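Chains, contacts and geometry: an overview
Residue strings, one per chain:
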Amino acid sequence: MKTKYRRFLSFFTFFLLFLSLVRCAETQTISGFVVSWGAEKSDWGYLDEPFDAVIGPKGHLYVTDARQKKVLKFDADGKFILQWGDTKRFEKPTGIAVTEDGFVYVSDYDNDHILKFKSDGTFIKQWGRSGEGEGEFDSPSGLAVDAAGNVYVTDLYNHRIQKFTSEGIFLLSWGKEGKVNNMRSALNFIFDEGSENLFYYPAKIAISPEGEVYVSDSYNNRVQVFDQEGRFLRKWGGMGFWGGRFRVASDIAFGPKGHVYIADFYNNRVQIFNAEGKYLDQWGDEGTESGEFDGPTGLAVDQHGDIYVVDWGNHRIQKFSGNKK
């Protein structure tokens, strides 16, 4: 009986791999590439290890560069505006979020704290320290801000989400460590994987226009959605190569028409879903050409619906037209 079961699993795994390659080929689309910048070395605007990006209220793009220990600010066409940060301020800036009134929050992955700035880089305050308690972090990697100004942090190695006021006062946290078995993840369209409200290295977080909290549960290869009190609402994804599946979901952003964009790190693509998790489309492939990626780690969408992708391994930002999506 056990031998037959193993044979069945082996056959089924092979079938899934074949299906994933076929469906991936079928769903690949041509991106509406506009422009890229950052890869060419220069005194201003060069990107070495860009990690995250966000659009500010005036349409400017803010980018964290983990290796240069800086935040860089660009206009919508990639023109460099300003930068701030050094080894005295940052050790490894990763996540970034901007409020409607222009305050900028940055997570420092190695120093285990959150920093708050004005839009010109003027430092305001910071909070957090290493640990497992309330308001303590073990590699905070992603940030989001809701309409009320509350700050949400993905506490990566503590496998949880923490929520704070705009001044850094702890409000609540949710989640704990839980790894979904890779086989169950790949077959979750047949067998429910369960494990709601469990995370395995949650990398990024985003607040939808409707106020729901989306978490990229990265190494569980899925997206989980919660209300602002941490109550589970729904999830989707699973390990795989074809449309609607992930190999490390690395960021989330929202576009017009209710579209949800998900960066898929090892599949080197961006996928598009509706708010309920229905797969719609995708673009990207591994490479260095326009519209290709080497580990996309960040996404941002501007007021025109144009999409900015942090192309981590290629040391650049790529911009795509929302009219093509």
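Please read these numbers as outputs of a predicted model, since none were measured by experiment. (Residues numbered from 1 in each chain as written. Predicted model: local features only at pLDDT ≥ 70, side-chain atom pairs only at ≥ 80, totals over all residues. Heavy atoms only, no water.)

**Structural notes on the overall build of the protein**
For clarity, the cut-off: Going along the chain from the N terminus, every DSSP run of H or I of four or more residues is numbered as a helix, and every run of E of two or more is numbered as a strand. Only protein chains enter the calculation, and the probe is 1.4 Å; a residue is then buried if its accessible area is under 20% of its type maximum, exposed if over 50%, and partly exposed in between. Two residues form a contact once any of their heavy atoms are found within 4.5 Å.
The secondary structure content of the protein amounts to two helices and 28 strands. Each of the 325 residues in the protein was classed as buried or not, and the buried ones make up 57%. Look at the contacts in the protein between residues 6 or more apart in sequence, and 47% of them connect residues 24 or more apart.

**Topic: the packing of aromatic side chains**
Operational definition: We call Phe, Tyr and Trp rings a pair once their centres come within 6.5 Å, taking the six-membered ring for Trp, and we label the pair stacked below 30 degrees between planes, edge-to-face above 60, and tilted otherwise. Any Lys NZ or Arg CZ that is within 6 Å of a ring centre and within 35 degrees of that ring's normal is treated as a charge sitting over the ring.
Applying the stated criterion across every chain, the model contains 28 aromatic pairs. On the basis of an interplanar angle of 55° and a centroid distance of 5.7 Å, the ring pair of Phe 90 and Phe 117 is categorised as tilted. Of the two residues, Phe 90 is situated in the loop between strand E5 (80–84) and strand E6 (93–98) and Phe 117 in strand E8 (residues 113–117); the sequence distance between them amounts to 27 residues. You can call Phe 90 buried: its relative accessible area is 0%. Judged by centre distance (5.6 Å) and plane angle (55°), the ring pair of Trp 127 and Phe 164 falls under tilted. Of this pair, Trp 127 sits in strand E9 (residues 123–127) while Phe 164 sits in strand E14 (residues 160–164), placing them 37 residues apart in sequence. One exposure class covers both Trp 127 and Phe 164, and it is buried. Above the plane of the ring of Phe 103 lies Lys 116, whose end atom (NZ or CZ) is 4.7 Å from the centre.

**A few points about the sheet that holds strand E27 (residues 307–311)**
Note the threshold: When DSSP finds two or more bridges between a pair of strands, those strands are recorded as paired. For every element, the axis is a line fit to its C-alpha atoms; helices are fit only across the contacting stretch, and the angle between N-to-C directions ranges from 0 to 180 degrees.
Spatially, E1-E28-E27-E26 is the arrangement adopted by the four strands of the open sheet, whose pairing is antiparallel. For this open sheet the edge positions go to strand E1 (33–37) and strand E26 (296–301), each flanked by a neighbour on one side alone. Across this sheet, the average inter-strand angle for adjacent strands is 20°, counted without regard to direction. Relative to E27, E26 runs antiparallel, the two sharing five bridges. Note on E27: the bridge partner recorded for Leu 299 is Val 309.

**A short note on the side chain of Ser 250**
Note the threshold: Throughout this description, a polar contact denotes any pair of N or O atoms lying within 3.5 Å of each other; where both atoms belong to protein, one of them has to be capable of donating a hydrogen while the other can accept it, and for residues adjacent in sequence the pair is counted only when both atoms sit in side chains.
Inspection of the secondary structure puts Ser 250 in strand E22 (residues 249–254). Residue Ser 250 is classed as buried on the basis of its relative accessible area, which comes to 7%. At 2.7 Å, the side chain of Ser 250 and the backbone oxygen of Pro 296 are in polar contact. Among all residues touching Ser 250, those that are not within four sequence positions of it are Ala 203, Lys 204, Ser 216, Ser 218, Ala 263, Asp 264, Phe 265, Pro 296 and Thr 297.

**Focus on the side chain of Asp 52**
Take Asp 52: it is sitting in strand E2 (residues 50–55). A polar contact of 3.5 Å, which involves the side chain of Asp 52, links it to the side chain of Lys 204. Here Asp 52 is in contact with Tyr 62, Val 63, Thr 64, Thr 94, Gly 95, Ile 96, Lys 204, Asp 251, Gly 298 and Val 310, once residues within four sequence places are set aside.

**Remarks on the environment of Val 34**
Within the secondary structure, Val 34 sits in strand E1. On the basis of relative accessibility, which here comes to 42%, the residue Val 34 falls in the partly exposed class. The spacing of Val 34 and Ser 290 is 256 residues in sequence and 8.9 Å in space, taken between C-alpha atoms. The residues contacting Val 34, other than those within four sequence positions of it, are Lys 319, Phe 320 and Ser 321.

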